[in-house]
Amino acid sequence: MGKPVVLIAEELSPATVEALGPDFEIRSCNGADRAELLAAIVDVDAILIRSATQVDAEALAVATRLKIVARAGVGLDNVDVKASTQAGVMVVNAPTSNIVSAAELAVALMLAAARHVSPAHAALRNGEWKRSKYTGIELYEKTVGIVGLGRIGVLVAQRLSAFGMNVIAYDPYVQAGRAAQMGVRMVSLEELLAESDFMSVHLPKTPETAGLIGAEQLKAAKPTLVLVNAARGGIVDEGALYDALKNGEIAAAGLDVFAKEPCTDSPLFELENVVATPHLGASTDEAQEKAGIAVAKSVRLALSGELVPDAVNVQGGVIAEDVRPGIPLTEKLGRIFTSLAGEVAQSLDVEVRGEITEFDVKVLELAALKGVFADIVEEQVSYVNAPLLAAERGVAVRLVTEAESPDHRNVITIRGTLADGNQFSVSGTLVGINQRERLVEVNGFLVDLEPTEHLAFFRYEDRPGMVGTVGQILGDAGVNIAGMQVSRDAKGGKALVALSVDSVVPAEVLEQIRAAIDAETVRGVDLSD
C-alpha cells in the first residue's frame, strides 16, 4: 500500500509540513474554491485546514477515505463536527496554540488602558503634546481580578504576579487549593468586583456566561476599575459597558472581542478611555506556527492508531486539562506493575481517586493498559489496540473511580489479581504546581519516589545493614543512586528498598544484591524508550 495522503487545503507554515514528516503523501489545494476542494478531498486520508475551508456534510460525503479533519487553530465554525462524527471522521484542533499570544494581548490591553496609550498616540499624531492630560496609573501593588482561571487565565495571573500585583480570581470550577498553589486567592464574583483595581475576563462563551458582566456588576465595581476582555464577545454587556465608561462608573476598558464580529462601528470606539483591537488574540506568527505543528502531530497520531488528545469528537474525545498530566504517569505505572508482578494479571483494576474524578478519566484506563503491555508484546502498543490485547489475553479490566482520596489530592492505582490468586498494586500521584510524578505505593509499601527512567526494587526481611549493603554493591558496580526509599510493614517484618538510579542495573548486579541480602524479590525497571 502507498503512503497515507494528507491534503493541505490552506496556506500553513513550512514547519507544519516538517512536523508531518516523510511518512505521508502531501497534496495541496485551494480549500476556499469549493469545486477544487470537492475534487481534491475524494481519496485523501486527512485534511489540514484553517478558517476558509468548509468541511461540511457534502464534503464528507465524497471523502470516502477521510479519517481526520485537522483545524490549525481553535475555532471549528467551518467544520460540521456532528456530520464528521456520524461519518466516523475524527476532528482535531489546536486548543493550546494561541494561549500565550492571547495572554500577552490581555496584558498589553491592560497596560495600554492604564497608561492611555491609544488616545495619547492619536493626539501626538495630530500634532498635540498632552502629557498632563494622559497621566496614567501603575499596575504595581494593585489588585487584579481574573474572571476564569483556565489555561489563559493562569498565564495572565502568572504574568501580572510578576508586575507585583495582588491576584484574585473567580471561577466556580477551580478548587481554592489549586489556585493557592499559584498564589491566587479565589473569591466570589461580587468580592472580585468590589476589590479589583484591574479585571481581566478569560471565560468561554456559554449561555451561563453571556452577559455575566452587566450593568449591575459594573455599578458594584470601583470607579477606578480598568476592565479587559480578550476572551469572547458578549460576556461583557457592551451597552452596559458603554454607559459605565461614559458615566465614570469605571475608568477604562481594553477590548479585543465583540458580541458581533467583524465590528467596525461601535459607540465604544468613540470613547477615549477605550483601547480596542480587532480580535488579535491568536494573531501572532508563533501562534499560527504552533497551531500547524500541533495538528500535524495529531494527524500522525490518528493515522498510526494512537490516542489523539486534541480530538473533539471520536476516539477519546476531549481530555480535561486536569486529567492530561496523569496520562504519562499512568502509563509508567502500568509498565512498573507488569515488571514487578512478573506476569500479566488475570484481572486489572485501574483505580482513580480524588478531584480529577469530576472529569472523564476513561483515558487513564487506556494509558494503564498501554503501559501494562508496552514491554511484553512485540507489536507497538497503542491506545487503540491495548484493550484488544487485554481481551485477547482474557484480562478483565475495570475502571474504578472514587471522589474521596484521604492521603493525596489525586491518586492512581493499578491493582491486579495474579495467576496464583494474590493481588499486586502500584500507585502514583502528581505533586506541586509543576505536577511532578511520584510513585507512592508498591504492593502495600508506602514510598515517595520519582519514577525516573531507571528503577530498582528489593524486597527482603527487615534487619540491620541491608541498605548499606545494597548501596555498597551498586557503588562498586558504578551505578549512582539518585533517590532511595525504604519502607516496611512492621519492625523486623517485610521491607522494601525502592531506588531511582542513573543507569540500568545489570542483571548480574541484581543477582549479587539478591544473594547478599537474601532478597525475596529483586527487580530492575527500565522506563526509557
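Note: the structure precedes this text.
Residues numbered from 1 in each chain as written. Predicted model: local features only at pLDDT ≥ 70, side-chain atom pairs only at ≥ 80, totals over all residues. Heavy atoms only, no water.

Colleague: Even after reading the chapter, I still don't get the overall build of the chain, so can you show me in this structure?
Modeller: Scanning the chain for helices and strands turns up 17 helices and 22 strands. Counting across all 529 residues of the chain, residues that qualify as buried make up 48%. Contacts in the chain between residues at least 24 apart in sequence constitute 62% of all its contacts with a sequence separation of at least 6. (Helix = DSSP H or I, 4+ residues; strand = E, 2+ residues; numbered from the N terminus. Buried < 20%, exposed > 50% of the residue type's maximum accessible area, 1.4 Å probe, protein only. Contact = heavy atoms within 4.5 Å.)

Colleague: How do you make sense of the packing of helix α16 (residues 466–476) against helix α17 (residues 507–517) when you look at a structure like this?
Modeller: Between two packed helices, what matters for the description is the angle formed by their axes and the separation of those axes. Where α16 contacts α17, the axes come no closer than 10 Å and their chain directions differ by 155 degrees. As far as their axial angle goes, α17 and α16 are roughly antiparallel. Along this stretch, α16 crosses α17, giving a crossing that reads as right-handed. Judged by residue contacts, M466, T469, V470, I473 and L474 of α16 engage V509, Q512, I513, A516 and I517 from α17. (Axes fitted to C-alpha atoms, helices over the stretch in contact; angles between N-to-C directions. Parallel < 35°, antiparallel > 145°, perpendicular 65-115°, else oblique. Left-handed = near helix turned anticlockwise from the far one by under 90°.)

Colleague: Please explain the side chain of D45 as it appears in this structure.
Modeller: Structurally, D45 can be placed in the loop between α2 (34–40) and β3 (46–49). Since its relative accessible area comes to 6%, D45 is described here as buried. Reaching out from D45, the side chain makes a polar contact with the backbone nitrogen of V5 at a distance of 2.8 Å. Discounting residues that sit within four places of it in the chain, D45 has contacts with P4, V5, R65, L66, K67, I68 and L303. (Polar contact = N/O pair within 3.5 Å; in protein donor to acceptor, adjacent residues only side chain to side chain.)

Colleague: What's the story with the sheet that holds strand β14 (residues 396–402) in this structure? I'm lost.
Modeller: Strand pairing in a sheet relies on backbone hydrogen bonds, with the paired strands running either antiparallel or parallel. Read from one edge of the open sheet, 6 strands run β14-β13-β15-β16-β17-β18, paired in mixed fashion. For this open sheet the edge positions go to β14 and β18 (445–449), each flanked by a neighbour on one side alone. On average, each strand axis in the sheet is inclined to that of its neighbour by 20 degrees, with strand direction left out of account. Across 3 bridges, strand β17 (residues 436–442) lies against β18 in antiparallel orientation. Residue V442 lies in a different strand from β18, and its bridge partner there is F445. Helix-sheet contacts for helix α13 (residues 326–341) involve β13 (347–354), β15 (410–417), β16 (423–431) and β17, and the interaxial angle to β16 is about 155 degrees. Most of the contacts of helix α14 (residues 362–374) go to β13, to which it runs at about 135 degrees, and overall it touches β13, β14 and β15. (Pairing = 2+ DSSP bridges.)

Colleague: What should I look at first to understand empty space enclosed by the protein in this one?
Modeller: Over the atoms, a rolled probe matching the size of one water molecule traces out where space is still vacant. Tallied over the full model, the rule gives 2 cavities of 30 Å³ or more. Volume-wise, the largest cavity comes out at about 50 Å³. The wall of the largest cavity is formed by A112, A113, H116, V117, S118, P119, A252, A253, E272, N273, V274 and V275. Residue assignment for the lining of the largest cavity shows that the elements contributing at least two residues are α5 (99–114), α6 (117–125), β11 (252–255) and β12 (274–276). In terms of residue count, α6 provides more of the lining of the largest cavity than any other element does, 3 residues in total. A class-by-class count of the residues in the lining of the largest cavity yields 8 nonpolar, 3 polar and 1 charged. Approximately 40 Å³ is the volume attributed to the second largest cavity. Forming the boundary of the second largest cavity are N229, G233, G234, V236, E238, L241, L255, V257, F258 and L268. Within the lining of the second largest cavity, the residues separate by chemical class into 6 nonpolar, 3 polar and 1 charged. (1 Å grid on protein atoms, 1.4 Å probe; cavity = no way out; pocket = protein on both sides within 12 Å on 5 of 7 lines; lining within 4 Å. Points joined across faces, edges and corners; volume = space filled by probe spheres on them. Nonpolar A, V, L, I, M, F, W, Y, C, P; charged D, E, K, R; others polar.)

Colleague: Help me understand the pattern of salt bridges, please; the structure alone is not making it clear to me.
Modeller: Any two side chains of opposite charge can pair, so long as their charged atoms come close to each other. The final tally for this structure, using the stated rule, is 26 salt bridges. For K222, the salt bridge identified is with D197, shortest N-O distance 3.0 Å. Of this pair, K222 sits in the loop between α10 (215–219) and β10 (226–229) while D197 sits in the loop between α9 (189–195) and β9 (198–201), and the two are 25 residues apart along the sequence. D197 gets classed as buried once you look at its relative accessible area, which sits at 15%. The closest approach of N and O atoms between K494 and E461, which form a salt bridge, is 2.6 Å. With a gap of 33 residues between them, K494 in strand β21 (residues 494–501) and E461 in strand β19 (residues 454–461) connect regions that are remote in the sequence. (Salt bridge = Lys/Arg side-chain N within 4 Å of Asp/Glu carboxyl O.)

Colleague: Would you mind showing me how to read α16 here?
Modeller: Within the sequence span of α16, burial applies to M466, V470, I473 and L474. End-on view of α16: buried residues confined to an arc of 95 degrees, all on one side of the axis. Contact partners of the buried residues in α16: β19, β20 (481–488), β21 and α17. Immediately downstream of α16, the backbone of G478 shows phi near 75 degrees, a positive value. (Arc of directions from axis to C-beta.)

Colleague: Sorry if this is basic, but what is going on with the sheet that holds strand β6 (residues 143–147) here?
Modeller: Reading across the sheet, the 7 strands line up as β8-β7-β6-β9-β10-β11-β12 and stay open at both edges, with parallel pairing between neighbours. With partners counted over all chains shown, the strands left at the sheet margins are β8 (185–186) and β12, one partner each. Strands in contact with helix α7 (residues 151–161) are β6, β7 (166–170) and β9; relative to β6, the strand with the most contacts, it is inclined by about 170 degrees.

Colleague: Before we go on, may I ask you to explain the environment of A63 in this structure?
Modeller: Looking at the element boundaries, A63 is found in the loop between α3 (57–62) and β4 (68–71). Separated by 25 residues in the primary sequence, A63 and L38 place their C-alpha atoms 8.1 Å from one another.

Colleague: Would you mind going over the nonpolar core with me for this structure?
Modeller: Soluble globular proteins: nonpolar side chains tend toward being buried together. Ranked by internal contacts, the top residues of the largest apolar core, which has 49 residues, are L364, F373, V426 and F457. The element contributing the most residues to this core is α14, with 8 residues. If near-sequence neighbours (up to four positions away) are discounted, L364 is found in contact with V323, G326, I327, T330, V350, V352, I356 and I412. The next biggest cluster of nonpolar side chains, apart from the first, holds 31 residues, and it includes A112, V156, V167 and A179. (Core = buried A, V, L, I, M, F, W, Y, C linked by side-chain atoms within 4.5 Å.)

Colleague: Please clarify how α17 should be interpreted in this entry.
Modeller: All buried positions along α17 are accounted for by V509, L510, I513 and I517. All buried residues of α17 fall inside an arc of 105 degrees around its axis, so they share one side. Turned more than 90 degrees off the buried face of α17, the exposed positions are A507, E508 and A515.

Colleague: It is not clear to me how the side chain of H454 should be interpreted in this structure. Could you clarify?
Modeller: Mapped onto the elements, H454 comes out in strand β19. With relative accessibility at 12%, the residue H454 sits in the buried group.

Colleague: When you look at the pairing of β15 in this model, what are you seeing that I'm missing?
Modeller: A regular strand places its side chains so that they alternate between the two faces of the sheet. Most of β15 is tucked away, with 6 of its 8 residues classed as buried. Inspection of the sheet shows β13 paired to β15 by 8 bridges, in the antiparallel sense. From the neighbouring strand, V350 faces β15, where its bridge partner is I414. Here β15 pairs with β16 via 6 bridges, running antiparallel.

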